[in-house]
Amino acid sequence: MQNKLTKTIIGAVIAVALAVAVSYGLINQQTADQLQTKASQTLSDNQAAPQTAPQQPTPAPQAPNQPAPTQPGPNQQNPAPAPRP
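Remember, predicted model here, so these are calculated numbers, not experimental data.

S.K.: It is not clear to me how the overall build of the protein should be interpreted in this structure. Could you clarify?
M.R.: For the protein, the count of helices and strands is two helices and zero strands. Per-residue burial over the protein gives 8% buried out of 85 residues. Carbon and sulfur atoms provide 58% of the accessible area of the protein, an area that totals close to 8,100 Å².

Structure follows, in structure tokens:
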């Protein structure tokens, strides 16, 4: 029951967001209708499929050889600019 309610709320939020986008001219009505149809199909497909286990989001891949950017902390000082001749 809660799963059906969640999907209904998601569908309503998508519909409102599309209506706002159309009213501000960000997308046209035809695009909004296509997106709404796809969203409805996706939500109904997910509802029809049996849910065996909650889906865990996959972590974003990180580049192995890139060092993390560091910022100077309170104890670190930036080097003084070189004097100009």
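S.K.: How should a nonpolar patch on the surface be read in this particular structure?
M.R.: Judged by side-chain polarity, Val16, Val20, Tyr24 and Leu26 come together as a nonpolar surface patch covering roughly 470 Å² of accessible area. With respect to the element layout, Tyr24 can be found in the loop between helix 1 (2-23) and helix 2 (29-48).

S.K.: How should I be thinking about helix 1 in this particular structure?
M.R.: Here helix 1 is 22 residues long and its end C-alpha atoms lie 32 Å apart, about the 32 Å a rise of 1.5 Å per residue gives. Where helix 1 is concerned, the buried positions are Lys7, Gly11, Leu18 and Ala21. Along the axis of helix 1, the buried positions cluster into a sector of 90 degrees, meaning they face one direction only. Within helix 1, the exposed residues directed more than 90 degrees away from the buried face are Gln2, Thr8, Val13, Val16 and Ser23. Downstream of helix 1 by one or two residues, Gly25 has phi in the positive range, about 80 degrees.

Reading the values: rules and limits
Residues numbered from 1 in each chain as written. Predicted model: local features only at pLDDT ≥ 70, side-chain atom pairs only at ≥ 80, totals over all residues. Heavy atoms only, no water. Helix = DSSP H or I, 4+ residues; strand = E, 2+ residues; numbered from the N terminus. Buried < 20%, exposed > 50% of the residue type's maximum accessible area, 1.4 Å probe, protein only. Areas by Shrake-Rupley, 256 points an atom, 1.4 Å probe, with all protein chains shown as cover. Patch = residues over 30% accessible without salt bridge, like charges linked within 9 Å, V, L, I, M, F, W, Y side chains within 5 Å. Salt bridge = Lys/Arg side-chain N within 4 Å of Asp/Glu carboxyl O. Expected span 1.5 Å × (residues − 1). Arc of directions from axis to C-beta.

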